[in-house]
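# Structural description and commentary
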Amino acid sequence: MTMSDVGVRPVRPGELARVGEITVAAYRASGLLHGDSDYEHQLRDAARRAELAELLAAVDGDDVVLGSVTVARYGSWFAQVAVPGELEFRMLAIDPQHRGRGIGELLTQAVCDRAADLGCHRVVMCVDRSNAPALRLYERMGFRRLPERDWAPVPAVQLLALGREVPR
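The text that follows walks through the structure, step by step, so that each part is easy to find. (Residues numbered from 1 in each chain as written. Predicted model: local features only at pLDDT ≥ 70, side-chain atom pairs only at ≥ 80, totals over all residues. Heavy atoms only, no water.)

### With respect to the nonpolar core
The following threshold applies: Here, nonpolar core means buried Ala, Val, Leu, Ile, Met, Phe, Trp, Tyr and Cys residues that are tied together by side-chain atoms lying within 4.5 Å of each other. Working definition: with a 1.4 Å probe on protein chains only, accessible area under 20% of the residue-type maximum means buried, over 50% means exposed, and in between means partly exposed. The secondary structure listing takes helices from DSSP runs of H or I that are at least 4 residues long and strands from runs of E that are at least 2 residues long, numbered from the N terminus. Residue contacts follow a heavy-atom distance rule, with two residues in contact if any of their heavy atoms lie within 4.5 Å.
The biggest cluster of nonpolar side chains holds 29 residues, and the ones touching the most others in it are V69, F89, V123, V127, Y138 and F143. Those elements giving two or more residues to this core turn out to be β2 (54-59), β3 (65-73), β4 (86-94), α4 (103-118), β5 (122-128), α5 (132-140) and β8 (157-165). Those residues in contact with Y138, other than ones at most four positions away along the chain, are F89, L92, T108, M125, V127, F143 and L162. Counting residues in hydrophobic clusters, the runner-up holds 18 residues, among them L33, L43, A53 and V81.

Here it is in structure tokens:
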């Protein structure tokens, strides 16, 4: 599979269970589930994410879901750090069997493109400070730290806020 075989589109209803499983598997493989079963349930519940936010999927040439990302507008239930004029993304997850192929970058760029389509001036997100591969990806893509928005949903998890300006 080459990156030219991978596309991004909205998740379809019949794919929600797979998206939930991929999300949990990706967080487990990265060591990002800290015994918080409520968060695991939220990760698995792609149907709720699709209802309250936008859910984008990276798919291969056979239309098989390889990863997904939750896109949340300011003021929506899934937005945590966005302010007016910003689009936020969360729960970017790649099937562990397909990591390292540029799919995370493709999904992140799709979010940035969506922000431009919506007239947003910035894309924001949070990443666990221990997730070095994700931090490298986002920094390489032009995201910069927004330390005033860092936060901890539970004591063991420190989230770093990042943002990237959207060209007008």
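### What to know about the packing of aromatic side chains
What counts, and what does not: Only Phe, Tyr and Trp rings take part, Trp by its six-membered ring, and two of them pair if their centres are within 6.5 Å. Stacked means planes under 30 degrees apart, edge-to-face means over 60, and tilted covers everything else. Here, over-ring charges are defined by two tests on the NZ atom of lysine or the CZ atom of arginine: distance to the ring centre within 6 Å, and angle to the ring normal within 35 degrees.
Under the counting rule described, the total for this entry stands at five aromatic pairs. Seen from their ring centres, W77 and F78 are 4.7 Å apart, and the 75° between their planes marks the pair as edge-to-face. Taken together, the ring pairs connect F89, Y138 and F143 into an aromatic cluster. For the cation-ring pair, R48 lies above W77, with the distance from its terminal atom to the ring centre recorded as 4.7 Å.

### Some thoughts on the packing of α4 against α5
This is how it is decided: Structural elements are reduced to axes, namely lines fitted to C-alpha atoms, with helices fitted over the stretch in contact, and the angle between N-to-C directions of any two is expressed from 0 to 180 degrees. Roughly parallel means an angle under 35 degrees; roughly antiparallel, over 145; roughly perpendicular, 65 to 115; everything else is oblique. In a left-handed crossing the near helix is turned counterclockwise from the far helix by less than a right angle, and in a right-handed crossing that turn is clockwise. Each residue receives one of three labels: charged for Asp, Glu, Lys and Arg, nonpolar for Ala, Val, Leu, Ile, Met, Phe, Trp, Tyr, Cys and Pro, and polar for the others, Gly being one of them.
Close contact between α4 and α5 brings their axes to 11 Å; oriented N to C, the two are set at 50°. On the basis of the axis angle, α4 is oblique to α5. Crossing of α4 against α5: the hand is right-handed. Contacts from G104, E105 and T108 in α4 reach L137, Y138 and R140 in α5. Of the residues in the contact of α4 with α5, the class split is two nonpolar, two polar and two charged.

### Describing the pairing of β4
This is how the line gets drawn: Here a strand pair is declared whenever DSSP counts at least two bridges between the two strands. The handedness of a crossover follows from its direction of travel: if, with the strands pointing away from the viewer, the path from the first strand over the helix to the second runs clockwise, the crossover is right-handed.
In terms of burial, β4 is a largely internal element, nine of the nine residues being buried. Where β3 meets β4, six bridges bridge the pair, whose relative direction is antiparallel. The residue bridging V71 from the neighbouring strand is F89, located in β4. Note that β4 and β5 share three bridges and pair parallel. Following the sheet pairing, E86 is matched in β5 by R122. In the classification by handedness, the crossover that spans β4, the intervening α4 and the parallel β5 is right-handed.

### Notes on unusual backbone geometry
If you check the backbone angles, D63 has positive phi at about 70° while not being a glycine. Tracing the sequence through the fold places D63 in the loop between β2 and β3.

### Focus on the environment of R12
Considering the arrangement of structural elements, one finds R12 in the loop between β1 (7-10) and α1 (16-29). Residue classification places R12 among the partly exposed positions, given a relative accessible area of 42%. R12 sits 124 residues away from R136 along the chain, and the two C-alpha atoms are 30 Å apart.

### With respect to the side chain of D95
Along the chain, the position of D95 falls in the loop between β4 and α4. Residue class for D95 comes out buried when judged on its relative accessible area of 9%. Apart from the residues lying within four places of it in its own chain, the contact partners of D95 are R18, I22, L66 and G67.

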